[in-house]
Structures are given as C-alpha cells and as structure tokens.
Amino acid sequence: VQSLTEFFAKHRHRFVDIIEGRADFQEPMNRPHIRFDGTDLTELPEKWSHAQNDALGYFLWLTCELIERGSISPSQTDWPLIAQLVRYWMKIKVWQDEDSGHWEEVRKVAASSIGCALAGLSSLRRLMESADVRSELLKASHPISTEDVDTLIDQCRSTLMQILPSECVQADPT
C-alpha cells in the first residue's frame, strides 16, 4: 500500500488534471495509470486502458482498512491524495463512468467497478468519524467533506441496485 501510495502521489497530476479540467477523462491514457514499473514506480509508456475504477477502489479500500486496523498510521497517510481520488471520482461520476474494470474488456458501466469504489468510500466514511481525518481531508488542495463522500456512496448504491445481479445492463456496443 505504501508503494501504491508513493506511485499515485508521484503521478498525482493525473488526478489533478482531470479534476481541474485540463485533461479529458474519456481518454484512458489521461487517467491515473494502474499499470507501472514496480521497481522504480514509473509509468509504462505502452498504450493501456487505464480507465479502471476497480483498481482505484481496491487501493482506497485497502488503505482505509489498514488504517482502521492500526497497520498504517493516520498521521503517515497522504490525505491530500485520498481527497484527490474522491474528487476525481466526483468529476468522472464514478457511478456512471464506463471503465474497463476487472475484465479489461470494452468500456462499460460495471457493477464490479462501482462496487469497488463503494467499498473504498464506505471504509473512508468510517474513518471520517474521526475529527482529525475530517480535518485533514478538508484542508487538502482538493478538499472533500463527509457530505461529498455520503453523496458518492448514495449514488454508487443507487446505481448498483439498478444493475445487480448483472455485471452490466447496457446494450453491447459491439
């Protein structure tokens, strides 16, 4: 988790550029990369479908779970990065975003990806019961509030209720 945090922090411009409208999130190469060189934490130059909210959801969920269990100290957490991830999801409307997800197939609104985002957001929301965590997230360069997270949770849950038990209910574009 520390290496993933270091990688995403090193390339946080990908979150910021989309949040601030400098990059088109519909182009997968503009998104935070989910494949990279694990030795030096550099991005791989090959074209890849980095539109994978599932991977980002797993990252947020695992980070929050490890904090909650005491394996990672809240004081050593990159809260600005966590806030940027949530703000990024707000910008791309993760609950209706077409991504390549677990299966790395055609981009679609996938229950599995929304579920991963929801799991991460739910874990984060529990941590936000702490005034210290709320304060850190509110003072980030792209701040988030409990209301922001609650809204995303509600939107993800609502969409999942429309999709489940299917993985996707969109017509197959191919």
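Residues numbered from 1 in each chain as written. Predicted model: local features only at pLDDT ≥ 70, side-chain atom pairs only at ≥ 80, totals over all residues. Heavy atoms only, no water.

## Some points on the side chain of Ser 122
Reasoning step 1: In this fold, Ser 122 is placed in helix H5 (residues 111-127).
Reasoning step 2: By relative accessible area, Ser 122 is classed as buried at 18%.
Reasoning step 3: Residues contacting Ser 122, with those up to four places away along its chain left out, are Ile 153 and Arg 157. (Helix = DSSP H or I, 4+ residues; strand = E, 2+ residues; numbered from the N terminus. Buried < 20%, exposed > 50% of the residue type's maximum accessible area, 1.4 Å probe, protein only. Contact = heavy atoms within 4.5 Å.)

## Points about helix H1 (residues 2-10)
Reasoning step 1: Among all positions of H1, only Thr 5, Phe 7 and Phe 8 are buried. Within H1, the buried residues cover an arc of 160 degrees as seen down the axis, which keeps them to one side. (Arc of directions from axis to C-beta.)

## As for the nonpolar core
Reasoning step 1: In terms of nonpolar packing, the biggest core is built from 44 residues, with Tyr 88, Trp 89, Leu 121, Leu 124 and Leu 137 touching the most fellow members.
Reasoning step 2: Contributing elements (two or more residues each) for this core: H1, helix H2 (13-19), helix H3 (53-68), helix H4 (79-92), H5, helix H6 (131-138) and helix H7 (146-163).
Reasoning step 3: In terms of residues, this core owes the most to one element, H4, which gives nine residues.
Reasoning step 4: Ignoring sequence-local partners within four residues, the contact set of Leu 137 consists of Trp 79, Ile 82, Ala 83, Leu 124, Met 128, Pro 143 and Ile 144. (Core = buried A, V, L, I, M, F, W, Y, C linked by side-chain atoms within 4.5 Å.)

## Considering the packing of H3 against H5
Reasoning step 1: Packing of H3 against H5 brings their axes to within 7 Å, and their N-to-C directions diverge by 25 degrees. As judged from the angle between their axes, H3 and H5 are roughly parallel. Helix-helix and strand crossings are classified by hand; for H3 and H5 the assignment is left-handed. Seen from H3, the contacting residues are Asn 53, Asp 54, Gly 57, Tyr 58, Leu 60, Trp 61, Cys 64, Glu 65, Ile 67 and Glu 68; seen from H5, they are Ser 113, Cys 116, Ala 117, Ala 119, Gly 120, Leu 121, Ser 123, Leu 124, Arg 126 and Leu 127.
Reasoning step 2: Each residue belonging to the contact of H3 with H5 can be placed in one class, and the counts come to eleven nonpolar, five polar and four charged. (Axes fitted to C-alpha atoms, helices over the stretch in contact; angles between N-to-C directions. Parallel < 35°, antiparallel > 145°, perpendicular 65-115°, else oblique. Left-handed = near helix turned anticlockwise from the far one by under 90°. Nonpolar A, V, L, I, M, F, W, Y, C, P; charged D, E, K, R; others polar.)

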